[in-house]
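Chain and residue survey
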Amino acid sequence: MAQSPDQSPELRGPRVVLTPLRAEHRAPLRAIHREPEVRRWWQMPDDDWPGNPGPDTTEYTVLEDGEVVGFAQWYFEPDPDYRHAGIDLFLSASVQGRGLGTEVVRVLCAHLIDDHHHHRLVIDPKVENTAAIACYRKVGFKDVGVMREYEMRHDGTWDDGLLMDLLAREFVR
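Please read all numbers here as calculations on a predicted model, not as lab measurements.

Attention now goes to the layout of surface pockets. The calculated volume of the largest pocket comes to roughly 1100 Å³. For the lining of the largest pocket, the secondary structure elements donating two or more residues are α2 (36-39), β3 (57-64), β4 (67-77), β5 (84-91), α3 (100-115), α4 (130-139) and β7 (142-152). If one sorts the elements of the lining of the largest pocket by residue count, α4 sits on top with six residues. Partitioning the lining of the largest pocket into residue classes produces 21 nonpolar, twelve polar and eleven charged.

Set out below in structure tokens:
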């Protein structure tokens, strides 16, 4: 089971800190979510987002030099026959293109593989999100296949998603 925020560890990379989501992070994260460069890839959040995850989801605020610059979460499938974890993240447009996304993905993957012993991780960017896909490939994620008409856009049309997975033994640290 995912950990409650008070039980979730702070995760550190060379430049980023993933800290369990706190109430004071909600407004900055909602503002980042509204940035056009972020909004185009993410669904409209519920009114109580972030901070109300399901029981199998753990949310983090991404900090750089103490500033809120993004959001990351992980969730897992508890059935032992299908056990795996999935991740999602976004970063403010102001910090994109500097390798922070790759660092966040590496930090999360290391936590899930080393601390939670997941052998397989998944992520599902939109097919058109080539920058995110390149980031995930740097860490070792492989394309599994295109999920056609996977996610509805804000205008009611559909986007294809790319299912990607990473086996623990393929993780590029």
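Moving on, we come to the nonpolar core. Core analysis: the largest hydrophobic core is formed by 35 residues, its most contacted members being Leu18, Ile87, Val105, Cys109, Tyr136 and Phe141. Only β2 (16-20), β3, β4, β5, α3, β6 (120-123), α4 and β8 (158-167) provide two or more residues apiece to this core. A per-element tally of this core places α3 first, with nine residues. In contact with cysteine 109, other than residues within four places in its own chain, are Ile87, Leu121, Val139, Phe141, Leu166 and Phe171. Counting nine residues, the second-largest nonpolar core is a separate cluster that includes Ile32, Val38, Trp41 and Phe71.

Now for the confidence of the model for the protein. Averaged over every residue, the pLDDT of the protein is 93; residues scoring 70 or more account for 97%. The secondary-structure element of the protein with the lowest mean pLDDT is α2, recorded at 92, while β6 shows the highest, at 98. Predicted confidence for residues 1-6 stays below pLDDT 50, and this span has 15 contacts to residues more than four positions away or in other chains.

A word on the environment of glutamate 77. Locating glutamate 77 in the fold gives a position in strand β4. C-alpha separation for the pair glutamate 77 and threonine 57, spaced 20 residues apart in sequence, amounts to 9.9 Å. Contacts of glutamate 77, omitting those with residues within four sequence positions, involve Tyr82, Arg83 and His84. Within the local environment of glutamate 77, its side chain forms a polar contact with the backbone nitrogen of aspartate 79, the two atoms lying 3.0 Å apart.

The omega angle of the peptide bond from tryptophan 49 to proline 50 is -15°, so this bond is cis rather than trans. If you trace the backbone, proline 50 turns up in the loop between α2 and β3. With a phi close to 50°, aspartate 65 is a non-glycine residue in the positive phi region. Relative to the helices and strands, aspartate 65 is located in the loop between β3 and β4.

Helix length check: α3 (16 residues) gives 22 Å between terminal C-alpha atoms against 22 Å at 1.5 Å per residue, within 8%. Taking burial as the measure, the 16 residues of α3 include 13 buried ones, the bulk of the element. Backbone geometry just after α3 places histidine 117 at a positive phi near 60°.

What counts as what
- Residues numbered from 1 in each chain as written.
- Predicted model: local features only at pLDDT ≥ 70, side-chain atom pairs only at ≥ 80, totals over all residues.
- Heavy atoms only, no water.
- 1 Å grid on protein atoms, 1.4 Å probe; cavity = no way out; pocket = protein on both sides within 12 Å on 5 of 7 lines; lining within 4 Å.
- Points joined across faces, edges and corners; volume = space filled by probe spheres on them.
- Helix = DSSP H or I, 4+ residues; strand = E, 2+ residues; numbered from the N terminus.
- Nonpolar A, V, L, I, M, F, W, Y, C, P; charged D, E, K, R; others polar.
- Core = buried A, V, L, I, M, F, W, Y, C linked by side-chain atoms within 4.5 Å.
- Buried < 20%, exposed > 50% of the residue type's maximum accessible area, 1.4 Å probe, protein only.
- Contact = heavy atoms within 4.5 Å.
- pLDDT = per-residue confidence, 0-100.
- Polar contact = N/O pair within 3.5 Å; in protein donor to acceptor, adjacent residues only side chain to side chain.
- Expected span 1.5 Å × (residues − 1).

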